[in-house]
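Fold and contact review
What follows is each chain in one-letter form.
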Amino acid sequence: MANLYRKIGVNVYTFMQKADLTPEDLAEQMSYSMKDVWNVIEGKVMIPPVEIKKLASTLGVSGDDLINKEPERLAPNLEFMKEFSNPESLYKVLDLMDEYVEIREAI
C-alpha cells in the first residue's frame, strides 16, 4: 500500500509543477501545512478519497489520474529510485527510512 502512496505523491508533485504551483501554493489552497504537503509528496500518508478529489480539483486533473497514472518522472528527492534494479528492495529501503524518520521525530 505504501507503494500506492508514493505513486500518488509523485503524481501530485508532477501535476503541481504542470499547474505551476509551488508547495506553498498547494498548502494554502488545500489548507495544509507545509509538512502535510511534503508528507503527501513523499507518500508518507494515506489520503482519504475526499482529499484525493480535492487535490485533483486543485491540480486540474481527475482523481483517477492521481491514483493510476504512471509517473513520467520522479520527485527530486526521489531521484535515487532509478538506481535500484529490484523495485521491492527499493520499497523496503524507503519503508525503513520512513520508520526511522518517524522514530526520530517521536524522540
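Residues numbered from 1 in each chain as written. Predicted model: local features only at pLDDT ≥ 70, side-chain atom pairs only at ≥ 80, totals over all residues. Heavy atoms only, no water.

**Description of the overall build of the protein**
- When helices and strands are tallied, the protein shows 6 helices and 0 strands.
- Taken from the N to the C terminus, the helices and strands of the protein come in the order α-α-α-α-α-α.
- For the protein, with 107 residues in total, the buried portion stands at 34%.
- Partitioning the contacts of the protein with sequence separation of at least 6, the portion at a separation of at least 24 is 67%.
- Looking at the protein as shown, the accessible area adds up to about 6700 Å², and 56% of this sits on carbon and sulfur atoms. (Helix = DSSP H or I, 4+ residues; strand = E, 2+ residues; numbered from the N terminus. Buried < 20%, exposed > 50% of the residue type's maximum accessible area, 1.4 Å probe, protein only. Contact = heavy atoms within 4.5 Å. Areas by Shrake-Rupley, 256 points an atom, 1.4 Å probe, with all protein chains shown as cover.)

**As for the nonpolar core**
- Of all hydrophobic cores here, the largest spans 19 residues; its most connected members are Val12, Met16, Leu26, Leu55, Leu59 and Leu66.
- Mapped onto this core, the elements with two or more residues apiece are helix H1 (2–18), helix H2 (23–30), helix H3 (34–41) and helix H4 (49–59).
- Among the elements that line this core, the one with the most residues is H1, at 5 residues.
- Aside from chain neighbours lying at most four places away, what touches Leu55 is Val12, Leu26, Met30, Val40, Ile47 and Leu66. (Core = buried A, V, L, I, M, F, W, Y, C linked by side-chain atoms within 4.5 Å.)

**Quick word on the pattern of salt bridges**
- All chains considered together, the criterion is met by 1 salt bridge.
- In this structure, the salt-bridge partner of Glu42 is Lys44, at a minimum N-O distance of 3.1 Å.
- For Glu42, a relative accessible area of 21% translates into the label partly exposed.
- Relative accessible area serves as the criterion here: at 31%, Lys44 is assigned to the partly exposed category. (Salt bridge = Lys/Arg side-chain N within 4 Å of Asp/Glu carboxyl O.)

**Some words on the packing of H2 against H3**
- Direction vectors running N to C along H2 and H3 enclose 110°, while the axes themselves pass 9 Å from each other. The pairing of H2 with H3 is recorded here as roughly perpendicular in orientation. Every residue of H3 that contacts H2 at Pro23, Glu24, Leu26 and Ala27 is listed here: Met34, Val37 and Trp38.
- When the residues that make up the contact of H2 with H3 are grouped by side-chain class, the tally is 6 nonpolar, no polar and 1 charged. (Axes fitted to C-alpha atoms, helices over the stretch in contact; angles between N-to-C directions. Parallel < 35°, antiparallel > 145°, perpendicular 65-115°, else oblique. Nonpolar A, V, L, I, M, F, W, Y, C, P; charged D, E, K, R; others polar.)

**Brief notes about the side chain of Arg6**
- Checked against the element boundaries, Arg6 lands in helix H1.
- By relative accessible area, which is 4% here, Arg6 ends up buried.
- In contact with Arg6, not counting residues within four places along its chain, are Glu42, Gly43, Tyr91, Leu94, Asp95 and Asp98.

**Side note on H2**
- Those residues of H2 that sit buried are Pro23, Leu26, Ala27 and Met30. Projected down its long axis, H2 shows its buried positions confined to an angular sector of 100°, all on one face.
- Once H2 ends, the next one or two residues include Ser31, with phi positive near 60°. (Arc of directions from axis to C-beta.)

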